[in-house]
Amino acid sequence: MSEATAQLLQQRFSAERLGTYQAAVGGDLNQAVALYEWNAAMSGAFWITLGHVEVLVRNAMHRQLTDWSTRTYREPRWYLDPGGALDERRHQQIAKAREQATRDRRQETPGRVVAELTFGFWPFLLTRTYDRSLWPHLRGAWPGQRLRRDVHGPLADLHELRNRIGHHEPIYNRPLKELHTKALDLACWTCPDTGAWIASRCQVLTVLQTRPWTVRAPQPPPQRRGQRRPVRR
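Described in the following lines is the structure provided in the data block.

Observations concerning the side chain of Q22
Next, step 1: With respect to the secondary-structure elements, Q22 resides in helix α2 (residues 15-24).
Next, step 2: The residues touching Q22, leaving out its near neighbours within four places in the chain, are Q10, G27, D28, L29 and A32.

Describing the nonpolar core
Next, step 1: If you look at the biggest cluster of nonpolar residues, it comprises 60 residues, and the most contacted ones within it are M42, F46, W122, L125, L138 and W142.
Next, step 2: Counting residues per element, this core draws most heavily on helix α3 (residues 29-73), at 17 residues.
Next, step 3: Apart from the residues within four sequence positions on either side, F46 is in contact with L161, I165, L176, L179, H180 and V204.

Some points on the environment of A196
Next, step 1: By the secondary structure assignment, A196 is in helix α10 (residues 192-201).
Next, step 2: A196 sits 192 residues away from A4 along the chain, and the two C-alpha atoms are 45 Å apart.

Some remarks on the environment of P143
Next, step 1: Mapped onto the fold, P143 is located in the loop between α7 (135-138) and α8 (148-166).
Next, step 2: Sequence separation between P143 and T190 is 47 residues, and the spatial gap between their C-alpha atoms is 7.3 Å.

Points about empty space enclosed by the protein
Next, step 1: In total, this model carries one cavity of 30 Å³ or more according to the counting rule given.
Next, step 2: Taken as a whole, the largest cavity spans an internal volume of roughly 60 Å³.
Next, step 3: What lines the largest cavity is L65, W68, W78, D81, P82, G83, A85, L86 and L134.
Next, step 4: Residue composition of the lining of the largest cavity, grouped by class: seven nonpolar, one polar and one charged.

About the criteria used
Residues numbered from 1 in each chain as written. Predicted model: local features only at pLDDT ≥ 70, side-chain atom pairs only at ≥ 80, totals over all residues. Heavy atoms only, no water. Helix = DSSP H or I, 4+ residues; strand = E, 2+ residues; numbered from the N terminus. Contact = heavy atoms within 4.5 Å. Core = buried A, V, L, I, M, F, W, Y, C linked by side-chain atoms within 4.5 Å. Buried < 20%, exposed > 50% of the residue type's maximum accessible area, 1.4 Å probe, protein only. 1 Å grid on protein atoms, 1.4 Å probe; cavity = no way out; pocket = protein on both sides within 12 Å on 5 of 7 lines; lining within 4 Å. Points joined across faces, edges and corners; volume = space filled by probe spheres on them. Nonpolar A, V, L, I, M, F, W, Y, C, P; charged D, E, K, R; others polar.

Note that every value here comes from positions in space, so none of it alone points to a role or purpose.
Spelled out as structure tokens, the structure:
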């Protein structure tokens, strides 16, 4: 890449945005642009896998909540909260999802409402707040996972990653291999066969092998004459 192209990209994408990448590679602008490109490629690869996992997990939770609400309250639309289990913030999110699901005079269906709920809605249903009210009815979505926090932790981490990708933020400095494992584990806990299908199409590890940089350790300031170097212990 020519120096002129690198400087043009710095101008158009902003020095502040590329500055994060420059700091990671020791200040070299060309390497910063290469890292920026790689970050975009990794974001794209992860976005596909996260999308599959999100849809799989939310549909599994939707089925569990539907069965519970139907059995207990004879109301399959669990999001109407017939038992009063949800907090006010969840009610607001559901109201917004219902409004969006019925725009342009479309008929409301549970599937449309679920599709309009944001990714962040689902991890919150697995917080300690709902340990006794919802978790006993949701745990069936992940056979073999007895502890709520073991499911909530990975799902919350994936939600944070998705938000960073959605806002075009750096993810090169995230534990990508661990997040990849969490995504596929969560998918396989939900449905082993679907999890295997997602894994077979996931390109995260392939892109990870092409990472164009190595983090440079911060360099100590130059020593002045007569200044003693600190003793390493």
